[in-house]
Amino acid sequence: MQDDVEGRLLYPIAEKFVSPQGEGRFTGTLMQFIRFAGCTVGKPFTNQERAEQQLPIYQERCTTYDGRSFACDTDYRVTERLTVAEIVKWTVSHNVKFVLFTGGEPLMRDVSPLVRALKHEAFEIHVETSGTIRPDLNQSFWRNLDWVCCSPKKGFLDAYADNGIANEFKLLVDEDFDWDKVPRSIQRKPSKICFSPINDEKTINQANVQRCLQLQREHPASRVTMQMHKLWQVR
Ligand code: SF4
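Residues numbered from 1 in each chain as written. Predicted model: local features only at pLDDT ≥ 70, side-chain atom pairs only at ≥ 80, totals over all residues. Heavy atoms only, no water.

(A) Region of interest: the side chain of N199. For N199, the location among the structural elements is in the loop between β11 (193–197) and α7 (206–218). A polar side-chain atom of N199 sits 2.8 Å from the main-chain amide nitrogen of N205. In terms of polar contacts, N199 uses its side chain to reach the side chain of Q227, at 2.9 Å. (Helix = DSSP H or I, 4+ residues; strand = E, 2+ residues; numbered from the N terminus. Polar contact = N/O pair within 3.5 Å; in protein donor to acceptor, adjacent residues only side chain to side chain.)

(B) Structural detail: unusual backbone geometry. With an omega of 10°, the peptide bond between G103 and G104 qualifies as cis. Phi is positive for A122, which is not a glycine, with a value near 70°. Residue position: A122 is located in the loop between α3 (112–120) and β8 (124–129). We note that Q233 has phi near 60°; this positive angle belongs to a residue other than glycine. Positionally, Q233 belongs in the segment after α8 (228–232).

(C) Examining the environment of V99 more closely. Within the secondary structure layout, V99 lies in strand β7 (residues 98–102). Residues V99 and M228 lie 129 residues apart in sequence; the distance between their C-alpha atoms is 19 Å. In this structure V99 touches Q32, I34, T91, L118, F123, E124, I125 and H126, once residues within four positions along its chain are discounted. (Contact = heavy atoms within 4.5 Å.)

(D) Representation of a nonpolar patch on the surface in the model. Together, L231, W232 and V234 make up an exposed nonpolar region whose accessible area comes to about 260 Å². Topologically, W232 is positioned in helix α8. The class of W232 is partly exposed, set by a relative accessible area of 35%. (Patch = residues over 30% accessible without salt bridge, like charges linked within 9 Å, V, L, I, M, F, W, Y side chains within 5 Å. Areas by Shrake-Rupley, 256 points an atom, 1.4 Å probe, with all protein chains shown as cover. Salt bridge = Lys/Arg side-chain N within 4 Å of Asp/Glu carboxyl O. Buried < 20%, exposed > 50% of the residue type's maximum accessible area, 1.4 Å probe, protein only.)

(E) Main features of α3. Taken together, the buried positions of α3 are S112, P113, L114, V115 and L118. Tucked inside the fold, the buried residues of α3 contact β2 (9–20), β3 (30–36), α2 (84–92), β7, β8 and α4 (141–144).

By themselves, these figures tell us nothing about what the structure is for.
Written out as structure tokens, the structure reads:
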């Protein structure tokens, strides 16, 4: 993140749009998506601005918490830089009460001023995170988040489970998924787990869906989710 000439915070944004949530507990709920640019997961980047650059979609590799590699299906390159006021102005222009911060990795940024401003407008705020950014629980904005979905990636921090930050854990499933490699901190929260198939670029991977359904039978408190937006052919 950087300041503009007047010293205001500027958030690097990849895209923003209104669409139904395609995954997790709120599947089908209309939300305002704000996709923050940049992601540090599985990359050698140490500099946040460099992390906003990425390879074209599906040439980027991502890594799960247990070291499995898969193709990132998200284009998180920066397209605009917006102030808090500009983002709030965009959100209040829609009659949709849910605002979702996604990425990339939204928590790479100091989102607290934005959370404060959006709560002032009575929005319900959801966040999707890789669980790899160390949380500073002294910051009050954590208490203002209404829903945190963590899909744990390489460098996952147990604090997201142990401190009750995440409301759900989306575990990505492919043929190499191994329950014994799921972090113990997450295993201890079975009702917060949802199994999600790693899909192909435009289609649902049915073999991985079947693996998710089998895992749910083995862990009955869990849920199964999948990327419904690919079926609905929306973003
Ligand atoms: S955490 Fe998400 S956005 Fe980042 S590389 Fe992985 S799949 Fe892509």
